[in-house]
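Here's the letter readout for the chains.
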Amino acid sequence: MSILERHTTPGQELPAPRRRPALRHRLLGNGLRPGYLTYGLLLAFFIGSAYPLWWSAVVGSRSNEALSLTWPPLFPGGNFWKNVAEVMDTIPFWTALWNSILISSIITVSVVMFSTLAGYAFAKLRFKGNNLLMVAVVATMAIPTQLGIIPLFMLMRTFGWTGEIGAVIVPTLVTAFGVFFMRQYLVDVIPDELIESARMDGANMIKTFWHVALPAARPAMAILSLFTFMSAWTDFLWPLLVLDAGNPTLQTALSQLQSNRYTDYSVVLTGAVLATIPLLILFAAAGKQLISGIMQGAVKG
Amino acid sequence: MTVTTKRPAAAAAPPQKIKPTFRQRLNVWDVKASPYLYISPFFLLFALVGLFPLIYTFWVSLHEWHLLKGQGEFVGLGNFADVLADRFFWNSLFNTMSIFLLSAIPQLAGALVIAAVLDQNIRAKTFWRMSVLLPYVVTPVAVALIFTNMFNEEHGLINSFLGNFGVDPIMWRTETFPSHVAIASMVNWRWTGYNALILLAAMQAVPRDIYESAALDGAGAVRRFFSITLPSIRPTMIFVVITSTIGGLQIFTEPRLFDPTFAGGPQRQFQTTVLYLWEMAFQRQDFGAASAIAWLLFLIIVLFGVLNLALSRRIASSDGRRQRRRPAAEGKH
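Residue numbers here run from 1 along each chain, matching the order of that chain's written sequence. Lettering for chains starts from A, numbering for ligands starts from 1, and both go in the order in which the items are written. Reporting in this predicted model follows two pLDDT cut-offs: at least 70 for local features of residues, and 80 or more for side-chain atom pairs to be given and counted; totals over whole chains, interfaces and linings ignore these cut-offs and use all residues.

Per an unreviewed UniProt entry, the recorded name for chain B is ABC transporter permease subunit, and the organism is Arthrobacter yangruifuii. UniProt positions are given in the numbering used here, feature names are shortened, and annotations may be inferred rather than shown by experiment. You can read under Sequence similarities (unreviewed entry) in the UniProt record for chain B the words "Belongs to the binding-protein-dependent transport system permease family." What UniProt states about chain B under its Subcellular location (unreviewed entry) heading is, verbatim, "Cell membrane".

It is worth spelling out the overall build of chain A at this point. Helix and strand counts for chain A stand at 14 helices and zero strands. Exposure in this text rests on C-beta crowding, where 20 or more other C-beta atoms within 10 Å of a residue's own make it buried, 12 or fewer make it exposed, and counts in between make it partly exposed. The C-beta atoms are placed from the backbone. Expressed as a percentage of its 301 residues, the buried residues of chain A come to 41%. Looking at chain A alone, contacts between residues at least 24 apart form 72% of all its contacts between residues at least 6 apart. Secondary structure elements follow DSSP: runs of H or I no shorter than four residues count as helices, runs of E no shorter than two count as strands, and numbering proceeds from the N terminus. In this description, a residue-residue contact is defined by the distance between C-beta atoms placed from the backbone, which must lie within 7 Å.

It is worth spelling out the UniProt feature "domain: ABC transmembrane type-1" (unreviewed entry) in chain B at this point. Those residues carrying the UniProt feature "domain: ABC transmembrane type-1" (unreviewed entry) are residues 93-308 of chain B in this numbering. End C-alpha to end C-alpha, residues 93-308 of chain B measures 18 Å, and it is 72% helix and 0% strand.

Before going further, it helps to spend a moment on the domain arrangement of chain B. Residue and element names in this part refer to chain B. We note that the domain assignment places domain 1 (18-61) and domain 2 (78-332) within chain B. Placing a centre on the C-alpha atoms of domain 1 and another on those of domain 2 gives a separation of 38 Å. Counting residues at the interface gives four residues for domain 1 and eight residues for domain 2. Throughout this entry, Asp, Glu, Lys and Arg are counted as charged residues, while Ala, Val, Leu, Ile, Met, Phe, Trp, Tyr, Cys and Pro are counted as nonpolar. The remaining residues, Gly among them, count as polar. Taken together, the residues of the side of domain 1 that touches domain 2 break down into two nonpolar, two polar and no charged. Segment limits for the domains were obtained from an automatic or database-derived domain assignment.

It is worth spelling out the environment of Asp119(B) at this point. All names here are of chain B. Secondary-structure assignment places Asp119 in the loop between α4 (87-118) and α5 (125-133). On the basis of neighbour count, Asp119 is assigned to the partly exposed category, with 18 C-beta atoms found within 10 Å. Residues Asp119 and Leu197, spaced 78 residues apart in sequence, show a C-alpha to C-alpha distance of 9.8 Å. Contact partners of Asp119, with chain neighbours within four places excluded, come to Leu200, Met203 and Gln204.

Our next topic: the UniProt feature "transmembrane region" (unreviewed entry) in chain B. All names here are of chain B. Annotation from UniProt places "transmembrane region" (unreviewed entry) at residues 36-59, 97-118, 130-151, 191-211, 232-252 and 287-311. Taken end to end, residues 36-59 has its terminal C-alpha atoms 30 Å apart, with 100% of it in helix and 0% in strand. This span, residues 287-311, is 100% helix and 0% strand, and a straight line between its end C-alpha atoms measures 36 Å.

Looking along a regular strand, one sees side chains alternate from face to face of the sheet. Taken together, the three bridges between strand β1 (residues 63-66) of chain B and strand β2 (residues 70-74) of chain B define a ladder with antiparallel strand orientation. Across the sheet, His66(B) pairs through a bridge with Gly70(B), a residue of β2(B). DSSP bridges decide pairing: two strands pair if at least two such bridges lie between them.

Time to look at the nonpolar core. Soluble, globular proteins show a tendency: their nonpolar side chains are buried together. Counting residues in each nonpolar core, the largest one holds 154 residues, and the members touching the most others are Leu145(B), Leu199(B), Leu277(B) and Ile293(B). Among all residues touching Ile293(B), those that are not within four sequence positions of it are Val83(B), Phe89(B), Thr273(B), Tyr276(B), Leu277(B) and Met280(B). Definition of nonpolar core: a set of buried Ala, Val, Leu, Ile, Met, Phe, Trp, Tyr and Cys residues joined via C-beta atoms within 7 Å.

If you check which residues of α5(B) are buried, you get Trp128(B), Arg129(B), Met130(B), Ser131(B) and Val132(B). On its buried face, α5(B) is in contact with α3 (36-60) and α14 (265-295) of chain A together with α4 and α8 (176-204) of chain B.

Before going further, it helps to spend a moment on the domain arrangement of chain A. Residue and element names in this part refer to chain A. Parsing chain A into structural domains produces domain 1 (2-79) and domain 2 (87-295). Facing 10 residues of domain 1, the contacting portion of domain 2 comprises eight residues. Residues that form the side of domain 1 that touches domain 2 fall into these classes: four nonpolar, five polar and one charged.

Residue and element names in this part refer to chain A. Confidence of the predictor at the level of single residues is captured by pLDDT, which takes values from 0 to 100. Per-residue pLDDT for chain A has a mean of 81; in total, 84% of the residues score no lower than 70. Within chain A, no element has a lower average pLDDT than helix α1 (residues 2-8), which sits at 39, and none a higher one than helix α5 (residues 93-124), at 94. Low pLDDT, under 50, characterises residues 1-24; the stretch is placed with 14 contacts to residues that sit more than four places away or in other chains.

A word on the packing of helix α6 (residues 130-141) of chain A against helix α9 (residues 176-189) of chain A. Residue and element names in this part refer to chain A. Every angle, taken between N-to-C directions, lies between 0 and 180 degrees, and every axis is a line fitted to C-alpha atoms, over only the stretch in contact when it is a helix. At a minimum axis separation of 8 Å, α6 and α9 run at an interaxial angle of 130°. By the angle class used here, α6 and α9 are oblique. Seen along the crossing, α6 lies across α9 with a hand that is left-handed. Here Val137, Val138, Thr140 and Met141 of α6 lie close against α9, whose contacting residues are Ala176, Phe177, Val179 and Phe180. Comment on the angle field: the value is read as roughly parallel under 35 degrees, roughly antiparallel over 145, roughly perpendicular from 65 to 115, and oblique elsewhere. Less than a right angle of anticlockwise turn of the near helix away from the far helix marks a crossing as left-handed, whereas a clockwise turn marks it as right-handed.

What follows deals with the interface of chain B and chain A. Contact residues are listed per partner, giving 84 residues for chain B and 84 residues for chain A. With 19 residues, helix α2 (residues 22-61) of chain B is the largest single contributor of residues to the side of chain B that touches chain A. Broken down by class, the residue content of the side of chain B that touches chain A amounts to 58 nonpolar, 21 polar and five charged.

Moving on, we get to the environment of Leu134(B). Within the element layout of this structure, Leu134(B) appears in the loop between α5 and α6 (140-150). Separated by 56 residues in sequence, Leu134(B) and Arg190(B) place their C-alpha atoms 8.3 Å apart. Sequence-distant contacts of Leu134(B), that is, excluding residues within four places in its chain, are made with Ser49(A) and Ala50(A).

Set out below in structure tokens:
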């Protein structure tokens with residue numbers, strides 16, 4: 001890079017073979033930094049992404065009167081803690097937060113564990129019906145399981161689980177996408193020789209899985225965990241059906257804020273801010289992995 | 001590869017005449033049963049929570065079925081006929097389509113622009129990528145609450161902002177089209193950056209020397225984008241369209257929370273099909289009709305999937321024809 005840049009400095013005679021990279025610079029701007037327009041657009045995207053969040057922080061830290069001003073306020077006010085107290089009075093916030101953490105964690109562990117096991121079997125083990133069963137997995141990926149909510153609701157009622165978080169957890173303990181994702185990853189990443197040599201050394205099947213497949217699968221497991229956690233955390237329709245107002249998830253609790261008879265928007269948006277904070281922390285910690293997961297072709301969970 | 005695949009077979013079954021020991025039999029059983037053991041949790045659980053509900057939905061849809069009273073008499077396809085005759089079903093379908101189009105098209109266009117900008121050799125790449133992904137970590141419920149506030153008709157941010165320029169307040173919640181725009185903008189805000197990153201990944205896979213030779217031939221940046229970038233990332237664009245179709249046809253959270261009292265507005269001006277299903281099942285307590293809606297929606301989604309697939313195959317084959325023509329054109333030179 002530095003060599004190329006030195007060669008393109010003006011006033012310096014270019015030796016003939018170096019002409020092509022120089023031309024490339026002029027034509028494409030490769031190596032050269034893009035101009036103000038690019039950064040202006042990037043800044044506009046940034047503001048577009050961040051402003052609604054900022055707005056909810058601004059309103060959430062003021063009172064409802066802030067909304068009736070002709071020019072909306074730009075900065076947060078001093079009402080935040082008062083609004084937080086109001087949120088805590090209206091909804092069982094801590095129960096909801098705990099439920100959401102518990103539900104999303106259990107679902108994540110289960111999905112990742114079962115997906116890795118099944119994905120490994122499909123990718124690396126030979127057994128009768130391998131291909132046919134894999135086709136079945138891909139086909140089930142296309143089925144919107146959301147549409148089975150009525151029998152699922154009846155099932156949960158029969159079990160007597162409605163109102164308990166088990167009813168939210170059980171329907172998403174496995175996903176076809178997870179199996180597919182792990183299979184695609186493991187098929188390339190583990191050399192067959194490695195499995196064979198482990199087998200030769202006398203490791204049985206589960207030991208081979210544990211000592212060979214699992215370490216290799218770790219990066220994909222991390223990405224799958226992130227997406228599974230996110231989709232469990234954001235789920236709304238199903239928890240709304242099977243949980244009641246006293247024992248909600250964060251999402252259903254949040255929606256209660258708005259469905260109260262009078263709507264105090266500053267309190268509603270304080271709730272939105274509070275509910276967004278955990279994911280913002282996750283984003284700050286694992287944003288890079290999230291980006292690389294999406295860019296590797298992870299599908300919406 | 002071929003050598004290594006033969007080896008375990010030879011090792012596992014040595015040509016022995018003596019009776020295999022217990023240990024050996026255990027080993028054979030281990031090799032044969034393990035794969036099924038590993039995949040069985042997925043299939044068993046999926047059968048219970050995925051397949052069974054879908055099939056049982058059909059069974060319920062053939063009966064009178066009340067939320068609390070349970071199974072009634074067999075009515076055949078009566079529920080389907082009722083739903084198809086209900087103008088609110090068609091209304092919900094229209095709303096779903098309208099919101100879907102208002103979100104899919106701007107989303108794809110916006111994602112393309114963002115991806116093209118991010119594809120340049122910019123400083124602080126990770127920061128800008130994270131900034132476009134930020135909306136994705138805000139949950140749909142929070143997005144709906146924030147945007148419902150911003151689109152408030154009396155003193156929402158958007159109307160008061162427009163009011164400063166002498167624009168009359170827009171009835172974001174009362175009128176059909178504005179309400180669709182408002183709901184679509186919630187979806188767009190959350191997903192555009194996400195889709196941009198998928199498209200960016202595809203753009204980065206395009207070999208740079210194609211751009212170089214096009215530039216040498218005198219193609220400008222815009223021409224290069226339309227003639228090289230877009231055709232190269234077409235499969236990924238189709239993928240984005242298909243996933244956003246499946247998601248878009250099942251939209252529920254945003255319209256549900258846009259008006260907390262009614263299921264999709266007092267005149268159902270933004271009642272989507274899943275919202276209609278929810279209202280039928282849990283407010284009107286008619287599980288039979290709701291199951292019929294679920295199956296109809298399932299068929300529509302399958303139909304869209306097949307349509308998408310056929311369309312993308314046709315695009316792909318026309319692409320192949322063009323590629324076949326290219327060597328001939330070069331031969332003329």
